[in-house]
Amino acid sequence: MRMRFILSETGTNLRRNLSMLLSLMLVTFISFLFIGASVLTQAQITKAKGDWYDKVEVVVWLCRMVRASPPTAHPVSRRLRPKSRHCRRPSATSSTMWCPTSTM
């Protein structure tokens, strides 16, 4: 008797709140879709890492700092006329010059 009452009330309330039921189903579907996509993406990343891990070599060249004082010229004209063709600034906000050779 009690189970029949619970099921009938549940059915009645689901019919009354059909929009809530549809939104709940849609949100649940989208959540499971994102979880599945993230699991598949992680599996592909792991596979690609395993395929390329022994085939790729990264080389980092560290240069000696030549000058730490700020430049006297305007930054735009400094970029247009560098002292050496090998020297460059690491970023627009930095004032240090880096050079691959120690000729400066």
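Each remark here, short or long, concerns the structure printed above.
Position numbers for residues start from 1 in each chain and track the written sequence from start to end. Where totals are concerned, whole chains, interfaces and linings use all residues; where local detail is concerned, this predicted model gives features only for residues with pLDDT of at least 70, and gives and counts side-chain atom pairs only at 80 or more. Processing note: side-chain calculations cover all non-hydrogen atoms of the structure and skip hydrogens and water entirely.

Asker: So what's going on with the overall build of the chain? Which residues, and what values?
Answerer: Within the chain, the regular secondary structure consists of three helices and two strands. For each residue, the accessible area found with a 1.4 Å probe, counting protein chains only, is set against the maximum for its type, and the residue is called buried under 20%, exposed over 50%, and partly exposed in between. A total of 104 residues make up the chain; the buried ones form 7% of that total. Contact criterion: two residues are considered in contact whenever any of their non-hydrogen atoms come within 4.5 Å of each other. A sequence separation of at least 24 residues applies to 47% of the contacts in the chain between residues at least 6 apart. Of the accessible surface of the chain, which amounts to about 9,700 Å², a share of 65% is contributed by carbon and sulfur atoms. Strands are runs of DSSP state E lasting at least two residues, helices are runs of H or I lasting at least four, and both sets are numbered from the N terminus onward. Each accessible area value is a Shrake-Rupley result obtained with a 1.4 Å probe; residue values ignore everything except the protein chains displayed when judging cover.

Asker: If you had to explain the packing of aromatic side chains to someone new, which residues and values would you point to?
Answerer: Any two rings among Phe, Tyr and Trp, with Trp reduced to its six-membered ring, count as a pair given centres within 6.5 Å; such a pair is stacked if its planes are under 30 degrees apart, edge-to-face if over 60, and tilted if neither. Under the definition given, this model contains zero aromatic pairs. When the NZ atom of lysine or the CZ atom of arginine is within 6 Å of a ring's centre and also within 35 degrees of its normal, the charge is said to sit over that ring. Lys55 extends its terminal NZ or CZ atom over the ring of Trp52, reaching a point 5.9 Å from the ring centre.

Asker: Residue-level account of the pattern of salt bridges, with values.
Answerer: Note on pairing: side chains with opposite charge can pair once their charged atoms come close. When a carboxyl oxygen of Asp or Glu is within 4 Å of a side-chain nitrogen of Lys or Arg, the pair counts as a salt bridge. With the rule as written, the count across this model stands at one salt bridge. Lys47 is the partner of Asp51 in a salt bridge, and the nearest nitrogen-oxygen pair spans 3.3 Å. Taken together, the residues span about one helical turn, with Asp51 and Lys47 both in helix α2 (residues 18–52) at a distance of four residues.

Asker: Summarise a nonpolar patch on the surface; cite the residues concerned and give the values.
Answerer: Surface patches are drawn from residues lacking salt bridges whose relative accessible area is over 30%; two like charges belong together within 9 Å, two nonpolar side chains (Val, Leu, Ile, Met, Phe, Trp, Tyr) within 5 Å. Together, Leu26, Phe29, Ile30, Leu33 and Phe34 line one region of the surface with nonpolar side chains, adding up to about 530 Å² of accessible area. Relative to the helices and strands, Phe29 is located in helix α2. For Phe29, a relative accessible area of 53% puts it in the exposed group.

That's the geometry; what it means functionally is another story.
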